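Coordinates in review
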Amino acid sequence: MKKGLQWKSIIIVAVLGLAIFLAYPPKDKIKLGLDLKGGIHLVLQVLTEDAVNMETDQEIVRFQELFKKNNITFQTAAKEKPGHFVFSGTAADQEGKTRDLIDQYTRDWDYSFSGDKLAFTLKATVIQFLKDQAVNQVRETIANRIDQFGVAEPLIQRQGSERIVVELPGVTDPERVKGLIKVTAVLEWKLVKAGPAPDEETLLKDFGGKVPEDMEVVRGDASRGEAGLFLISRVASVTGKDLRMVRRSVDEWNNPAVSFSLNSEGARRFEKVTGENVGQRLAIVLDGKVQSAPNINQRISGDGIIQGRFTLEQAEDLVVVLKAGALPAGIRYLEERTIGPSLGADSVRQGLMAGLVAIILVMIFMVFFYKLSGLNAVAALLMNVVILFGALSYFKATLTLPGIAGIILSIGMSVDANVLIFERIKEERAAGKNIPGAIQLGFQRAFSAIFDSNLTTIISAIFLFQFGTGPIKGYAVTLIIGLVANVFTAVWVSHLIFDLTVSKTAKRLSI
Amino acid sequence: MQLFKTPHINFMRYKYVALAVTFAIVLAGVLNITVFHGLKPGVDFGGGTLIRVEFKNPTPVGQVRKSLADVGLGGSTIQETGKKGYEYQIRTTQFIKGADAQQEMEAHEKLADKVIETLRGGSPESLTVVSRETVGPQVGKDLRKKATQATIWALIGMLIYIAIRFKLEYGVAAIFTLTQDVLITMSLYSFTNREINLPIIAGILTIVGFSINDTIVIFDRVRENSKIYRKESLEQIMNLSLNQTLGRTMITSGTVFLTLIALYLFGGEVINDFAFIMLIGTIEGVYSTIALSCPVVLFWQKAFKTKKGFRR
């Protein structure tokens with residue numbers, strides 16, 4: 001045996017061994033996509049405008065404070081739209097001083113004076129930054145929540161500039177998960193000034209029918225048993241950011257509830273507020289809805305309990321979202337798919353069945369046409385499949401239904417490579433070459449066709465991978481791997497088997 | 001065993017016929033798609049909700065249709081899948097136009113809830129929801145955009161590669177061939193009652209893959225023969241190359257065809273559409289590679305007076 005052949009054999013056996021090692025057992029090593037495994041697939045959009053809006057609101061307050069502190073006169077400050085607000089009633093002779101003050105304070109805003117108006121516009125780069133940051137924060141918060149909730153192998157990924165893809169294998173209760181992800185979870189404790197009342201008129205009776213500037217009207221959460229409207233202070237005494245710990249517990253009637261303790265700063269404020277307002281009610285507001293409004297019976301320090309008519313599940317979910325923190329911007333769903341585990345299992349079973357039948361048919365076909373040489377093609381084909389699965393496992397790629405289509409195309413091209421070679425060998429034989437010569441020439445001449453056709457398809461698959469979305473990507477991945485394996489098996493493995501089995505002086509070739 | 005002794009068919013003689021046939025099919029398809037709305041976008045592209053359910057007890061399709069019609073959901077598409085009489089696939093096709101995407105999405109969800117509730121008829125155990133998919137209008141639009149983008153780039157990539165490895169007109173011919181593969185396949189598909197979903201896109205991509213493969217095999221032979229038979233005209237060389245590769249074209253396509261039959265018969269509901277469009281595409285692909293790829297090169301050379309033959 002020639003030395004080159006020995007090395008080739010070793011390399012091929014090594015590659016085969018490695019692929020088997022990587023892919024065995026396939027049940028544990030090959031990651032299946034949600035369409036094959038079952039689970040929830042959500043695509044959501046981050047309402048990034050929220051982040052800009054919030055920033056605008058906060059900056060208006062900060063500028064007001066800044067101007068007041070430095071004796072700059074103005075009458076009103078009004079937000080025109082997110083990222084844009086106007087101070088009016090400014091004095092012309094203070095313009096220079098105001099400019100210095102603003103420039104010292106921040107560079108994020110463009111501003112211009114005209115008459116007694118001072119207009120602020122958030123810079124485009126800052127807007128971009130805020131939006132980008134919001135998407136990342138939302139992604140992290142959702143990841144935290146899913147983590148707390150407990151899902152094996154979740155995938156939470158940013159997609160493009162404003163989207164997030166959430167894939168949760170094995171989860172089959174979409175409503176609960178969607179609720180868990182979607183709540184903004186801004187928790188605030190605010191003093192109740194009036195209410196609950198059935199309508200605004202009754203609520204504002206003591207205030208002359210108008211909402212005082214430092215108060216706001218919010219709705220009770222009907223599902224928590226708090227109907228009606230509340231008038232509460234605008235500024236929160238304590239917020240979710242002050243929480244040190246939250247835990248599911250029970251209230252004194254053994255109903256599910258959530259207990260919390262505050263950090264030292266929060267505890268100090270809580271103590272002050274409760275101490276000063278004994279006998280009043282303190283509303284617990286989640287995402288702008290009053291959950292409960294208990295009476296303050298005495299000064300309370302850092303611990304407390306949130307009650308409402310929670311079910312066990314709801315109390316658990318509230319703990320999860322409070323632990324993971326609030327969303328910095330709202331979200332909305334663009335796409336939601338729930339695949340039951342039975343459908344996924346059916347797809348896998350049917351896919352395997354069809355794949356097996358297909359491979360067996362191809363084998364019979366090849367052996368029928370090319371006799372013993374056909375076995376050679378079958379060996380190359382099987383090896384191709386094994387390498388493909390090994391590589392899928394190595395790259396941690398996910399096998400999806402379109403991915404199976406990719407495998408089929410690469411199997412087809414693997415068969416084609418062998419057909420090209422065999423037909424060429426036959427032609428060379430017909431042209432009068434001896435058997436070893438015909439085999440050499442057959443491989444040589446078929447090579448350029450195999451190489452060019454595989455490479456062209458690989459090129460298109462790379463672009464599909466680059467620009468395609470999830471399922472198309474899955475298709476491109478299996479295709480690229482399959483075709484690379486194909487060039488290897490068709491050119492090397494098949495050739496080696498011929499070299500090993502056909503002697504130099506062979507008079508007959510089974511082809 | 002030899003399938004074909006190298007035959008001597010004068011393929012190139014039929015080049016105008018081939019062009020006319022292609023043109024006729026594509027025209028019929030385009031008319032059917034644009035005027036008669038023959039292509040039905042599935043849930044992936046058109047948005048809406050697709051629900052797969054399994055009844056505990058056998059339920060005839062008429063009953064399903066009737067109970068949905070009774071609550072005003074008669075317009076839904078109902079398909080029997082898998083176990084006959086037990087499993088159904090229902091797509092709500094009600095036209096929903098909300099004030100914004102979010103409302104549309106929620107309206108779709110509500111419709112889906114209504115379908116499930118109606119079919120359950122008050123007893124939750126009688127029906128299992130196997131899967132449910134809601135796709136908002138934005139996603140479908142994006143998917144179309146992304147798919148178009150990916151396709152255009154892939155085409156450009158292939159054109160450049162073939163132009164480098166062969167010649168520009170061969171790249172053009174290959175792209176032309178596979179464009180008409182897609183057009184013809186879609187045209188034929190538009191006459192069936194099936195929907196366009198993601199697996200169909202995967203199928204079309206696969207057809208393109210096989211077609212480009214076939215085309216390149218023939219071009220490769222033309223390239224090789226051009227070096228051997230320096231005196232012959234390009235048209236004669238193309239004829240020879242088509243005949244020499246005919247055996248492999250038939251054997252390869254036959255193998256693929258067998259594979260697809262297996263997928264079609266055993267692959268299950270989801271793969272069925274994919275296998276179906278692939279079956280159309282495979283037959284059509286053989287036709288287009290043999291009948292169209294080479295003539296386009298000739299036409300191009302005639303039109304732009306590029307140097308004849310393969311040699312630069």
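Keep in mind it's a predicted model, so treat the numbers as computed, not measured.

1. Overview of the overall build of chain A
Of the regular secondary structure elements, chain A holds 14 helices and 19 strands. The C-alpha atoms of chain A give a radius of gyration of 35 Å, which is well past the 24 Å a tight globule of 511 residues would have. Based on the C-alpha atoms only, the size of chain A along its principal axes is roughly 110 × 65 × 40 Å. Looking at chain A residue by residue over its 511 residues, the buried ones come to 44%. Partitioning the contacts of chain A with sequence separation of at least 6, the portion at a separation of at least 24 is 71%.

2. A few points about the sheet that holds strand 2 (residues 39-46) of chain A
The strand order across the open sheet built from 8 strands is 7(A)-8(A)-2(A)-18(A)-5(B)-2(B)-4(B)-3(B), with neighbouring strands paired in antiparallel fashion. This sheet does not close on itself; its edge strands, each paired only once, are strand 7 (155-159) of chain A together with strand 3 (77-81) of chain B. Each neighbouring strand pair of the sheet contributes to a mean axis angle of 20°, computed without reference to strand direction. Pairing between strand 2 (residues 48-55) of chain B and strand 5 (residues 127-135) of chain B: 8 bridges, direction antiparallel.

3. Details of the domain arrangement of chain B
Assigned domains within chain B: domain 1 (11-41 + 140-304) and domain 2 (48-135). Computed over C-alpha atoms only, the centres of domain 1 of chain B and domain 2 of chain B are separated by 38 Å.

4. Quick look at the packing of helix 13 (residues 435-467) of chain A against helix 7 (residues 198-228) of chain B
Across the interface, helix 13 of chain A lies against helix 7 of chain B with an axial gap of 9 Å and an inter-helix angle of 150°. When the interaxial angle is binned, helix 13 of chain A and helix 7 of chain B end up roughly antiparallel. For the element pair helix 13 of chain A and helix 7 of chain B, the recorded crossing hand is right-handed. Within the contact between the two elements, helix 13 of chain A uses A:S448, A:A449, A:D452, A:S453, A:T456, A:T457 and A:L464 and helix 7 of chain B uses B:L205, B:G209, B:I212, B:N213, B:I216, B:V217 and B:D220. Partitioning the contact of helix 13 of chain A with helix 7 of chain B into residue classes produces 6 nonpolar, 6 polar and 2 charged.

5. Digging into helix 8 (residues 234-266) of chain B
Residue and element names in this part refer to chain B. Helix length check: helix 8, at 33 residues, gives a terminal C-alpha distance of 45 Å against a target of 48 Å (1.5 Å per residue), a fit within 8%. Along helix 8, the sharpest kink reaches roughly 45°, centred on T245. Where helix 8 ends, the next residue or the one after it, G268, has phi of about 85°, a positive value.

6. Topic: the confidence of the model for chain B
All names here are of chain B. With 92% of its residues at a pLDDT of 70 or more, chain B shows a mean pLDDT of 83. For chain B, strand 3 is the element with the lowest average pLDDT, namely 79, and helix 6 (residues 168-190) is the one with the highest, namely 89. Here the predicted complex scores 0.75 on pTM and 0.81 on ipTM.

7. Points about the domain arrangement of chain A
One frequently used descriptor of interface size is the decrease in accessible area upon assembly of the parts. Each domain of chain A was delimited in the assignment, giving domain 1 (3-35 + 342-501), domain 2 (49-127) and domain 3 (183-308). Computed over C-alpha atoms, the centres of domain 1 of chain A and domain 2 of chain A are 66 Å apart.

8. Quick word on the pairing of strand 10 (residues 215-220) of chain A
All names here are of chain A. Where strand 10 meets strand 11 (residues 229-233), 5 bridges bridge the pair, whose relative direction is antiparallel. Of the residues in strand 11, the one forming a bridge with V218 is F230. Both strand 10 and strand 16 (residues 289-292) contribute to a ladder of 2 bridges, which runs parallel. Of the residues in strand 16, the one forming a bridge with G220 is V290.

9. Here we look at the nonpolar core
All names here are of chain A. Core analysis: the largest hydrophobic core is formed by 200 residues, its most contacted members being V138, A283, L388 and L464. Broken down by element, the residue count for this core peaks at 19 residues, all from helix 11 (residues 341-394). Leave out the neighbours within four places in its chain, and L388 touches I407, S410, T478, I481, G482 and A485.

10. Some remarks on the interface of chain B and chain A
Contacts between the two partners involve 57 residues from chain B and, on the opposite side, 54 residues from chain A. Tallied by class, the residues present in the side of chain B that touches chain A amount to 32 nonpolar, 18 polar and 7 charged. Relative to strand 5 of chain B, strand 18 (residues 331-339) of chain A runs antiparallel, the two sharing 5 bridges. Bridge pairing links A:E336 to B:T134 in strand 5 of chain B.

How each quantity is defined
The written sequence of each chain sets the order in which its residues are numbered from 1. Going through the entries in the order they are written, you letter the chains from A and number the ligands from 1. Residue-level local features of this predicted model are given only where pLDDT is at least 70; pairs of side-chain atoms are given and counted only at 80 or more, and the full residue set underlies all totals for whole chains, interfaces and linings. Helix numbers and strand numbers start at the N terminus; a helix is a DSSP run of H or I with at least 4 residues, a strand a run of E with at least 2. For a compact globule the rule gives 2.2 Å times the number of residues to the power 0.38, and the radius of gyration it is set against comes from C-alpha atoms. With C-beta atoms placed from the backbone, a residue is labelled by how many other C-beta atoms lie within 10 Å of its own: buried for 20 or more, exposed for 12 or fewer, partly exposed between the two. By the convention adopted here, residues are in contact when the distance between their C-beta atoms, placed from the backbone, does not exceed 7 Å. At least two bridges found by DSSP between two strands is the condition for calling them paired. Angles shown run from 0 to 180 degrees and are taken between the N-to-C directions of axes, each axis being a line fitted to C-alpha atoms and, for helices, limited to the stretch in contact. All the domain ranges listed were derived from an automatic or database domain assignment. Angle categories: roughly parallel below 35 degrees, roughly antiparallel above 145, roughly perpendicular from 65 to 115, and oblique for all the rest. A crossing counts as left-handed when the near helix is turned anticlockwise from the far one by less than a right angle, and as right-handed when that turn is clockwise. Following the grouping adopted for this structure description, the nonpolar residues are Ala, Val, Leu, Ile, Met, Phe, Trp, Tyr, Cys and Pro, the charged ones are Asp, Glu, Lys and Arg, and the polar ones are all others, Gly among them. Here a helix's expected span is defined as the number of its residues, less one, multiplied by 1.5 Å. The angle separating two fitted axes, one through the seven residues that finish at a residue and one through the seven that start at it, defines the bend at that residue. pLDDT is a residue-level measure of predictor confidence that goes from 0 to 100. Any nonpolar core is a set of buried residues, restricted to Ala, Val, Leu, Ile, Met, Phe, Trp, Tyr and Cys, that join up through C-beta atoms within 7 Å.

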